[in-house]
Amino acid sequence: MNKSKGQKINRREFARNAALLSAVIVPAGIAFEEPAAATNEQLPEGAEKLSAEGRVEAEARFQQIMSQYGSRFDSEEQKRVRDGCYSLQGSLERLRAFHLENGDAPAVYLKPLLDREKKPQSAPSAGAAPTAAKKP
Amino acid sequence: MLKESILYESVGELAKRIETKQLSPVELAESYLERSQKFGPQFNAYARLMPVEALDQARAAEKDIHRGHYRGPLHGIPYAAKDLLAVKGVQTTWGAKPFAEQVFDYNATVIEHLKNVGAVLLGKAAMIELAGGLGYMYASASLQGETKNPWDTSCWTCGSSSGSGAIVAAGLAGFAIGTETWGSIVCPAAFCGVSGFRPTYGRVSRHGAMALSYSLDKIGPMARSAEDCTRIFAAIAAHDPLDRSTLAVDKAAFTYSPAEELKRRGLHVGWLTNAWKEYEPGVGKAIQAAHKILPRYFASVRDAKLPEGPWEEAAGVVLQAEVASSFGEFIRSGRVKELHDPLGRVGGYVNLTVTGGDYTTAQRVRGILQKKMDAMFESYDVLATAALPAPATPLAMNLVTGLAFPDPLGAIGNLCGLPALSVPCGFTEKNLPVGLQFVGRAGDDAAVLEAGQSFQRATPWHRKHPRLS
């Protein structure tokens, strides 16, 4: 999954990585179990408002972060990450509950790059064209 | 040094003096620099002062004006720019330690526009690290430390345009430039008792500005009055081929002439009754007083209700997903650990888990909301309510719990890219400013600015200033 810029990923690799990722998102031991039972820890505030599936998803989200980056966090930070996962889950449940028709398109559309836009000229009052930032 | 009363004059008043050569741009810049050197550190208002560059620009302005080349109301007016706007050759820290030595070799378009009309850049204003996009718990979430409110230094200015608010409130510059993704102009303007304008998305180029959320970020002025905001907005609003999100030439540009005031239309105001669950007592009183006088100055004032829906959730998911991209590498690399705020150090990891499906759902909800709001503006020219239900908060407050009230209007306004203006409308018993907010239809920035000007013609609040010692 850690492909450097410019490297292409073939279809077989994509399928394998997707399978690995799904294994991370829903670890076998946790899948479809109440997260409190699985982790034996107190659930974050607001967890009781989530559906059972939502709690599993929030916990899987947390486990995904821990499996990738867990060594970076102390216990207090782990708690904050977990709180964040449950908070996000609450938002997602309310968002997903909003009724949308199939034809309700996203607000942000692709703006095709037309020929005349390909070589932007300087804005009337803009200065030299930008180059990469000089970073230390 | 010039008298404090002159340094607190509006851009319009200063411009008259400069145009008639009663006021030297050099003397004005020197006075603001001296005041900024004295008071700036007290408030942690600046990321960096640029005295050499500022005086060079002021001298050039003076020379031009003496030659008869007066460029307009911003010529020779000193200002500060939020430290996420690239200024060629000058450190642009984004308020964050990991970027403390970052230097760009070009100017942000908004800096170029202001340079072209002769404004004098005094320095870079302090800000919340990375504009708060990875989350933050404390006012101290900044490379420059907590920005203290000139009205009460035990209180915060709000963020993320923290320094911009403090600089204008303390009379350290003629105006400042801030940015807003969600609340970062409106909130500091309200907390600091200044006028802050968030333009329609796409009217001001973001080229050279730190990108936090590509579909939410906006740049706007913070100044002493709505009229000043109008003048500054006219100088920075324009299509920019370097920023593909800017509107077409005719839709982005904005012209302003005080003579146009004669053609003022009678504005119909929708007074929002469901924008906030409750007000803190001092705020409620000032807002009720403002509500009471509005009918005298507007064509009509009728109660209005925001549509109900998961707008805050949609705005949150859009923001989190876009930050996961704009700062994805920074988060994954672990450098995020170098941020100051304990929440900022971990919040980004949660953002990385937002899926494309959920992001797209949020964008679809956004599309529905845009239509609902556009329909609402068939009945009203502007919507009005408090900028915030609370005054400036104590510096040490945990913002996650202390400022945790629903903000549907902030979510709606930013999701739909609507223009908004916060103007001072009174004070609490503890002498902290209260802001009144006007929000308009996308593209109708003129109505919002006109509403603010109408309110300020009738009220004295924008002329009140903190006593500094």
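Rules behind the numbers
Residues numbered from 1 in each chain as written. Chains lettered and ligands numbered in written order. Predicted model: local features only at pLDDT ≥ 70, side-chain atom pairs only at ≥ 80, totals over all residues. Helix = DSSP H or I, 4+ residues; strand = E, 2+ residues; numbered from the N terminus. Rg over C-alpha atoms; globule rule 2.2 N^0.38 Å. Buried ≥ 20, exposed ≤ 12 C-beta atoms within 10 Å, placed from the backbone. Axes fitted to C-alpha atoms, helices over the stretch in contact; angles between N-to-C directions. Parallel < 35°, antiparallel > 145°, perpendicular 65-115°, else oblique. Left-handed = near helix turned anticlockwise from the far one by under 90°. Contact = placed C-beta atoms within 7 Å. Nonpolar A, V, L, I, M, F, W, Y, C, P; charged D, E, K, R; others polar. Pairing = 2+ DSSP bridges. Right-handed = clockwise from strand over helix to strand, strands pointing away. pLDDT = per-residue confidence, 0-100.

**Observations concerning the overall build of chain B**
- A count of helical and extended segments in chain B gives 17 helices and 13 strands.
- Scaling as 2.2 N^0.38, a compact globule of 469 residues should have a C-alpha radius of gyration of about 23 Å, and chain B matches this with 20 Å.
- Summarising its shape, the C-alpha atoms of chain B cover approximately 60 × 55 × 45 Å along the three principal directions.
- Looking at the 469 residues of chain B, the share that counts as buried comes to 62%.

**Some details on the packing of helix α4 (residues 75–96) of chain A against helix α14 (residues 356–376) of chain B**
- In the contact formed by α4 of chain A and α14 of chain B, the axes pass within 10 Å of each other and the chain directions differ by 55°. Taken together, α4 of chain A and α14 of chain B sit at an angle that is classed as oblique. Considering how the two elements wind past one another, α4 of chain A and α14 of chain B form a crossing that is left-handed. Of α14 of chain B, the residues touching α4 of chain A (which contributes Leu92, Leu95 and Arg96 of chain A) are Asp358, Thr361, Ala362 and Val365 of chain B.
- A class-by-class count of the residues in the contact of α4 of chain A with α14 of chain B yields four nonpolar, one polar and two charged.

**Here we look at the pairing of strand β3 (residues 120–125) of chain B**
Residues and elements named next belong to chain B.
- Summarising burial for β3: six of the six residues are buried, a large majority.
- Here three bridges tie strand β1 (residues 46–49) to β3, and the two strands are oriented antiparallel to one another. When the sheet's bridge partners are listed, arginine 48 is paired in β3 with lysine 124.
- By the bridge criterion, five bridges tie strand β2 (residues 78–82) to β3 in an arrangement that is parallel. By the bridge assignment, lysine 82 is partnered in β3 with alanine 125.
- Note that the unit made of β2, helix α5 (residues 109–116) and β3 has a crossover that is right-handed.

**Some words on the sheet that holds strand β10 (residues 300–304) of chain B**
All names here are of chain B.
- Strand order in the open sheet made by the eleven strands is β1-β3-β2-β6-β8-β7-β12-β13-β11-β9-β10, with mixed pairing throughout. In the strand order of this sheet, the two ends are held by β1 and β10, each with one partner. Ignoring which end each strand starts from, the neighbouring axes of this sheet average 30° apart.
- Across the sheet, helix α10 (residues 281–297) lies against β9 (268–272), β10, β11 (382–386), β12 (420–427) and β13 (433–440), angled at about 110° from β12, the strand it touches most.

**What to know about unusual backbone geometry**
Residues and elements named next belong to chain B.
- Following glycine 159, the chain continues into serine 160 via a peptide bond in cis, with omega recorded as 5°.
- Along the chain, serine 160 turns up in the loop between β5 (152–156) and α6 (162–169).
- Even without a glycine there, the phi angle at tryptophan 94 is positive, about 55°.
- Turning to its location among the elements, tryptophan 94 is positioned in the loop between β2 and α5.
- One non-glycine residue, asparagine 431, lies in positive phi territory at about 60°.
- Residue position: asparagine 431 is located in the loop between β12 and β13.
- Classification of asparagine 431 by C-beta neighbours within 10 Å gives partly exposed; the count is 14.

**Observations regarding the confidence of the model for chain A**
All names here are of chain A.
- For chain A, per-residue confidence averages 71 on the pLDDT scale, and 54% of positions sit at 70 or higher.
- The model gives residues 1–40 a pLDDT under 50, and that stretch makes 28 contacts with residues more than four places away or in other chains.
- Here residues 123–136 is modelled with pLDDT under 50, and outside its nearest four sequence neighbours on either side it reaches 27 contacts, counting other chains as well.

**Re the packing of α10 of chain B against helix α17 (residues 445–458) of chain B**
Residues and elements named next belong to chain B.
- Closest axis-to-axis distance for the α10/α17 pair is 10 Å, and the angle between their directions is 105°. The orientation of α10 relative to α17 falls into the category roughly perpendicular. Where α10 abuts α17, its residues Ile293, Arg296 and Tyr297 lie against Ser454, Phe455 and Ala458.
- Split into classes, the residues belonging to the contact of α10 with α17 amount to four nonpolar, one polar and one charged.

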